[in-house]
Amino acid sequence: MAPERTTQTLVVLGAQWGDEGKGKIVDLLTDRADVVVRFQGGHNAGHTLVVKGEKTVLHLLPSGILHAGVECVIGNGVVLSMADLLKEIHELEAKGVELRGRVRISSACPLILPSHIALDQARESTLRGGDKIGTTGRGIGPAYEDKVGRRAIHLGLTRDEAKFSARLEELFDYHNFLLANYYRVATVELAKARDELLKQAGELRPMIADTVEILHGHRRAGRRILFEGAQGALLDIDHGTYPFVTSSNTTSGGAATGSGFGPLYLDRVLGVAKAYATRVGEGPFPTELFDATGEHMAKAGNEFGSTTGRGRRCGWFDAAAVRLATQINSISGLCLTKLDVLDGMESLKVCVGYRDAPSNSPAVESYGRLRPLYEELPGWRESTRGVRSVEALPANARAYIAFIEETVGAPVEIISTSPDREDTIVLRPPFG
C-alpha cells in the first residue's frame, strides 16, 4: 500500500453559516504553515483570535498575521477596502506586530469604493421584512456585482493615476445615477473619493504583487500553504440558502478561483463547525431555538458577530446541513468548536434530516419550511472548558462527537474547548 501523501496545502473553511471559530483554528495551524491565503470575501468577515487572553479581531488580513515569519497573501477573489485594510494594519503595528514585507496583495483584487457602500446601504434600506438580506452594508455585494459585470476597478490600476481616474469617473457616473434616480439618496463626491483612494493606494503599493506566481513559487519550493475561508459554506452564492447568502464562493472551489492555485494542488480540506449551530442576520435556519435552551447557547457562547455586533441566532447541530457542506467541499476532516457551550445540558438534539423534504439542499426555495428530524442524545454535567485531551472529555461528550462523525460522514480531527489557542485537542495534525 502506497504511503499517504504528505499535506503541503490545506483549505480551512466554515461548514455552517459562518462564525464557526475559523480564526482561532487558522491561527493555531499557522504554527506549521509558511503561507496563509485569503481567497474570497471582504471586510464583512470577522475572525476573532484569543492568544494568552488578548483578543484580536481581523477582517481582511489572514489570521496567520500574528505569527512572525509567516507570509500573508490576499488573493484575487477578495474585494478590497483599502481604507479598512490600512486601519487593520495600523492597529496591529501599534500593538507591535511586524507586518511590512509579510503582506502580499493581488493586483487583481477588485476595489470597494465609497459608492459601493452607499449603494449597499441604500438597497438594504428599501427592502422590507423578510426580503431583507441582512447585509453588513459594507459594499461587498455591489463590488462583486461590478466584478461580474466587468466594471470593477482592480487594485493594480491605481499604479496608473490617469487611467484609474478615468475609470473611476465612469463608474461613479453609473453609481451616482442609481443613487440619485433609483434609490433617491445622496450621491458620492468623485474628487474627494479619488484623492482618498489614491492616497490609500500609495501606502499599499509596496504590498501589491503577482500573488499567483508567488503562491506557485512557494508550491514548487515545498512550502506549506494554508487557505483561509471567510463566512461559511452554507452562505455560498451558488450552494447556500439563496438569496440569503454572501456574494462570493465560500466553498473549497473558491480557494482555487480566488487565488489562482489549481484544485489538484490542494491536498486536504478542514471544515470548521460549532458543536451547535448559529446564524447571523436573515435567512432560513431549520434548527433554530426560540426557548431557554437557545438563550443559554447565546449567553454561554457569547454569540455576537465580531464584525456586526449583532446577536447570533442559535439552534441544535444540523448534521444534514453539515453533511451537505462536507460533500460540496470535499471535506476530509472536521474541527468541532465551542463544545464547552453544551456543558450542563441534560440532553442534546442533532438534526439528521428533514421531514417531507424533496431535497436536503439549502439552495431550494422550500428550505425555509423544512422541519428537522432529530436524534436525542444524553448530555453531560462535567465541564469541558479548557480540556486538552480527548481522554479527559466526559464519556457522553465523546459519544456526541462520535455520533456527529457518523452522521456527517467525516472524522472530527480537532476539538476546541475555549476561545484560547492552547485549549485545543488535535487528534490528527492537518499538516504532516
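Residues numbered from 1 in each chain as written. Predicted model: local features only at pLDDT ≥ 70, side-chain atom pairs only at ≥ 80, totals over all residues. Heavy atoms only, no water.

**Structural notes on the overall build of the chain**
In step 1: When its secondary structure is counted, the chain shows 11 helices and 17 strands.
In step 2: A globule of 432 residues ought to have a C-alpha radius of gyration of about 22 Å, and the chain, at 22 Å, matches this closely.
In step 3: For the chain, the proportion of its 432 residues judged to be buried stands at 56%.
In step 4: Taking the average place of the 50 positive charges on the side chains of the chain and the average place of its 54 negative ones, the gap between the two points comes to 1 Å. (Helix = DSSP H or I, 4+ residues; strand = E, 2+ residues; numbered from the N terminus. Rg over C-alpha atoms; globule rule 2.2 N^0.38 Å. Buried < 20%, exposed > 50% of the residue type's maximum accessible area, 1.4 Å probe, protein only. Lys, Arg positive; Asp, Glu negative; His and termini not counted. Charge placed at Lys NZ, Arg CZ, Asp CG, Glu CD.)

**With respect to the packing of aromatic side chains**
In step 1: Evaluation of the coordinates by the stated rule reveals five aromatic pairs.
In step 2: Taken together, a centroid distance of 5.1 Å and an interplanar angle of 50° make the contact between Phe227 and Phe261 tilted. Of this pair, Phe227 sits in strand E8 (residues 225-228) while Phe261 sits in the loop between helix H8 (252-257) and strand E9 (268-274), placing them 34 residues apart in sequence.
In step 3: Judged by its relative accessible area of 0%, Phe227 falls in the buried class.
In step 4: With a relative accessible area of 0%, Phe261 lands in the buried category.
In step 5: One aromatic cluster is present, formed by Phe227, Phe261 and Tyr265 through successive ring pairs.
In step 6: We note Arg219 situated over the ring of Tyr265; from NZ or CZ to the ring centre the distance is 4.0 Å. (Phe/Tyr/Trp six-rings, centres within 6.5 Å; stacked < 30°, edge-to-face > 60°. Lys NZ or Arg CZ within 6 Å of the ring centre and 35° of its normal.)

**Regarding helix H4 (residues 140-148)**
In step 1: Burial in H4 covers these residues: Ile140, Gly141, Pro142, Ala143, Tyr144 and Asp146.
In step 2: In the core, the buried residues of H4 are packed alongside helix H3 (114-126) and helix H5 (161-182).
In step 3: A positive phi of about 65° marks Arg150, the residue just after H4. (Contact = heavy atoms within 4.5 Å.)

**Focus: the sheet that holds strand E12 (residues 317-318)**
In step 1: Strand order in the open sheet formed by three strands is E12-E14-E15, with mixed pairing between adjacent strands. Taken across any chain shown, the strands that pair with only one partner, and hence form the sheet edges, are E12 and strand E15 (371-378).
In step 2: Here E12 pairs with strand E14 (residues 347-355) via two bridges, running parallel. The partner of Phe317 across the bridge, within E14, is Val350.
In step 3: Against the sheet, helix H10 (residues 319-329) contacts E12 and E14, and its axis sits at roughly 65° relative to E14. (Pairing = 2+ DSSP bridges. Axes fitted to C-alpha atoms, helices over the stretch in contact; angles between N-to-C directions.)

**Some remarks on the environment of Thr241**
In step 1: Along the chain, the position of Thr241 falls in the loop between E8 and H8.
In step 2: Here Thr241 falls in the buried class, since its relative accessible area comes to 1%.
In step 3: Of note is the side chain of Thr241, whose polar atom sits 2.9 Å from the side chain of Arg279. (Polar contact = N/O pair within 3.5 Å; in protein donor to acceptor, adjacent residues only side chain to side chain.)

**A look at the environment of His218**
In step 1: Assignment of secondary structure puts His218 in helix H7 (residues 211-220).
In step 2: Along the primary structure His218 and Arg371 are separated by 153 residues, whereas in three dimensions their C-alpha atoms are 47 Å apart.
In step 3: Setting aside residues no more than four positions away along its own chain, His218 makes contact with Val35, Glu71, Arg223 and Ile225.

**Structural notes on unusual backbone geometry**
In step 1: Tyr242 connects to Pro243 through a cis peptide bond whose omega is 5°.
In step 2: The backbone of Arg184 sits at a positive phi, close to 55°, despite the residue not being glycine.
In step 3: The exposed category is assigned to Arg184, whose relative accessible area is 68%.
In step 4: Although it is not a glycine, Asn302 sits at a positive phi angle of roughly 50°.
In step 5: With respect to the secondary-structure elements, Asn302 resides in the loop between helix H9 (292-300) and strand E11 (313-315).

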